[in-house]
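# Geometric and topological summary
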Amino acid sequence: MLIFLGLLTSFLSFLYVTAPSIRKFFAGGVCRTNVQLPGKVVVITGANTGIGKETARELARRGARVYIACRDVLKGESAASEIRADTKNSQVLVRKLDLSDTKSIRAFAEGFLAEEKQLHILINNAGVMMCPYSKTADGFETHLGVNHLGHFLLTRLLLGQLKESAPARVVNLSSVVHHAGKIRFHDLQGTGVTTYAVHPGIVRSELVRHSFLLCLLWRLFSPFLKTAREGAQTSLHCALAEGLEPMSGKYFSDCRKTWVSPRARNNKTAERLWNVSCELLGIQWE
Ligand SMILES: NC(=O)c1ccc[n+]([C@@H]2O[C@H](COP(=O)([O-])OP(=O)(O)OC[C@H]3O[C@@H](n4cnc5c(N)ncnc54)[C@H](OP(=O)(O)O)[C@@H]3O)[C@@H](O)[C@H]2O)c1
Ligand SMILES: *[C@@H]1O[C@H](CO)[C@@H](O)[C@H](O)[C@H]1NC(C)=O
């Protein structure tokens, strides 16, 4: 037993000492394009922290007007002022968007459409994970309501503007634990709007806040997890890389197209999800 504990301790200390190099190895893809974004308009949901905030920072650095769309405007403002100071770009704006309430989504879209003529990049980044069972204002289970339906409605409401601003892009934060039906690329074909799904990596962020076990694991393995900045690279790649248009509808990880689970490639499931989403939200896509 003692020997085992001794071995375990030395193994763990070895891991911790070598962590920086191991982590660098696993840090994964880096967005290498130099594309600058003067005059471009970007909306990022949930950009007050984590991956979204780092994505916003980099897009602001490249000169875009960046809208941080978040549910807590105070948190948003503190992220925005940090980013403004860091990038010297004053065009980092905060708008209220609570994806767990379709009223708030509609109000956000209405306000945005009134103040901006164009939208070049929409990053559907906000998300919750393992939060206790609860329902959104419209009675949807929270994960489904916020992560999927909320962004589905938001995208629908902003689609006209995206089309008018083409070439435009929609980037969805997905996950390696993605499930069936998230990808429905046909509907955005031929519009000049392209769309990408992203697995950011396993990233140190607030995402695991609802699970005690994951918080513990995240803390224990934190030297091996990606930083939020590293986690933002694939979102940035999908938003910026030149010539990516033929890859519309694809799923990316570490700045590369990667394999989607067979379940998520099932067109019937995708279509069903699509129709059910429209029904639940009481909207039509076209
Ligand atoms: N971290 C990972 O390892 C990992 C892995 C795979 C995929 N992802 C995906 O990456 C995306 C970003 O996650 P993260 O790791 O950066 O997590 P995070 O630090 O928890 O950030 C999530 C963001 O979503 C916002 N949000 C949550 N509910 C919302 C609502 N109802 N309305 C508006 N905004 C809401 C949060 O706002 P508050 O600050 O106000 O709560 C926060 O800004 C998520 O979609 C996540 O599923 C992450
Ligand atoms: C991204 O999400 C929007 C809204 O749900 C959807 O229209 C689009 O097809 C999705 N794209 C990908 C590649 O997942």
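Note: the structure precedes this text.
Everything in this summary refers to the structure shown in the same document.

Calculation notes
Residues numbered from 1 in each chain as written. Chains lettered and ligands numbered in written order. Predicted model: local features only at pLDDT ≥ 70, side-chain atom pairs only at ≥ 80, totals over all residues. Heavy atoms only, no water. Helix = DSSP H or I, 4+ residues; strand = E, 2+ residues; numbered from the N terminus. Rg over C-alpha atoms; globule rule 2.2 N^0.38 Å. Buried < 20%, exposed > 50% of the residue type's maximum accessible area, 1.4 Å probe, protein only. Contact = heavy atoms within 4.5 Å. Areas by Shrake-Rupley, 256 points an atom, 1.4 Å probe, with all protein chains shown as cover. Core = buried A, V, L, I, M, F, W, Y, C linked by side-chain atoms within 4.5 Å. Axes fitted to C-alpha atoms, helices over the stretch in contact; angles between N-to-C directions. Parallel < 35°, antiparallel > 145°, perpendicular 65-115°, else oblique. Left-handed = near helix turned anticlockwise from the far one by under 90°. Nonpolar A, V, L, I, M, F, W, Y, C, P; charged D, E, K, R; others polar. Pairing = 2+ DSSP bridges. Salt bridge = Lys/Arg side-chain N within 4 Å of Asp/Glu carboxyl O. Near = heavy atom within 4 Å. Polar contact = N/O pair within 3.5 Å; in protein donor to acceptor, adjacent residues only side chain to side chain.

## Quick word on the overall build of the chain
Check the secondary structure of the chain and you find nine helices and eight strands. Over its C-alpha trace the chain gives a radius of gyration of 19 Å, about what one expects of a compact globule, namely 19 Å for 286 residues. Across its three principal axes, the chain shows a C-alpha extent of roughly 65 × 45 × 40 Å. Within the chain, buried positions represent 48% of all 286 residues. Of the contacts made within the chain by residues no fewer than 6 positions apart, 76% connect residues no fewer than 24 positions apart. For the chain, the exposed surface amounts to about 14900 Å²; the carbon and sulfur share of it is 60%.

## Examining the nonpolar core
Counting residues in each nonpolar core, the largest one holds 34 residues, and the members touching the most others are I44, L59, V66, I68, I123 and L240. Not counting residues within four places of it along the chain, the set of residues in contact with I123 comprises V43, I44, T45, T55, L59, V171, L173 and A239.

## A closer look at the packing of helix 2 (residues 50-61) against helix 8 (residues 233-240)
Geometry of a packed helix pair, given as the angle between the helix axes and the separation of the axes. Where helix 2 meets helix 8, the axes come as close as 9 Å, and the angle between the chain directions of the two elements is 45 degrees. When the axes of helix 2 and helix 8 are compared, the pair comes out oblique. The chirality of how helix 2 crosses helix 8 is right-handed. Of the residues in helix 8, those in contact with I51, T55, E58 and L59 of helix 2 are S235, L236 and L240. Class assignment for the residues of the contact of helix 2 with helix 8 results in four nonpolar, two polar and one charged.

## Re the sheet that holds strand 3 (residues 92-96)
Sheets are built from strands paired through backbone hydrogen bonds, the pairs being either parallel or antiparallel. Sheet architecture is open: eight strands sit in the order 3-2-1-4-5-6-7-8, paired in mixed fashion. Whereas interior strands pair on both sides, the edge strands pair on one side only; in this sheet they are strand 3 and strand 8 (256-257). Inspection of the sheet shows strand 4 (residues 121-124) paired to strand 5 (residues 168-173) by four bridges, in the parallel sense. Bridge pairing in strand 5 places I121 opposite R169. Here helix 3 (residues 73-87) sits on the sheet in contact with strand 2 (65-70) and strand 3, set at roughly 175 degrees to strand 3. Along the sheet face, helix 4 (residues 102-115) touches strand 1 (41-45), strand 2 and strand 3 and points at about 140 degrees away from the line of strand 3.

## Looking at the side chain of S253
Mapped onto the secondary structure, S253 falls in strand 7 (residues 251-253). In contact with S253, not counting residues within four places along its chain, are H199, T234 and T258.

## Describing the pattern of salt bridges
For the structure shown, the criterion picks out 13 salt bridges. Close ionic contact of E245 with R169 constitutes a salt bridge, the shortest N to O distance being 3.0 Å. On the criterion of sequence distance, the pair formed by E245 in the loop between helix 8 and strand 7 and R169 in strand 5 is long-range, its members being 76 residues apart. The class of E245 is partly exposed, set by a relative accessible area of 34%. R169 gets classed as buried once you look at its relative accessible area, which sits at 8%. Measuring nitrogen to oxygen at the nearest pair gives 3.8 Å for the salt bridge that ties R209 to E206. Here the salt bridges share partners, and the residues they tie into one network are K53, E54, R57, E58, R61, R62, E82 and D86.

## Some thoughts on the site of ligand 1
Taken together, 29 residues surround ligand 1, and among them N48, R71, N125, V203 and S205 come closest. In the model, an oxygen atom of ligand 1 is placed 3.1 Å from a nitrogen or oxygen of the G46 main chain. Between an oxygen atom of ligand 1 and a main-chain N or O atom of G201, the distance comes to 3.3 Å. Surface burial for ligand 1 is 96%, taken as the share of its 900 Å² of free accessible area covered by protein chains. Residue composition of the shell around ligand 1, grouped by class: 12 nonpolar, 12 polar and five charged.

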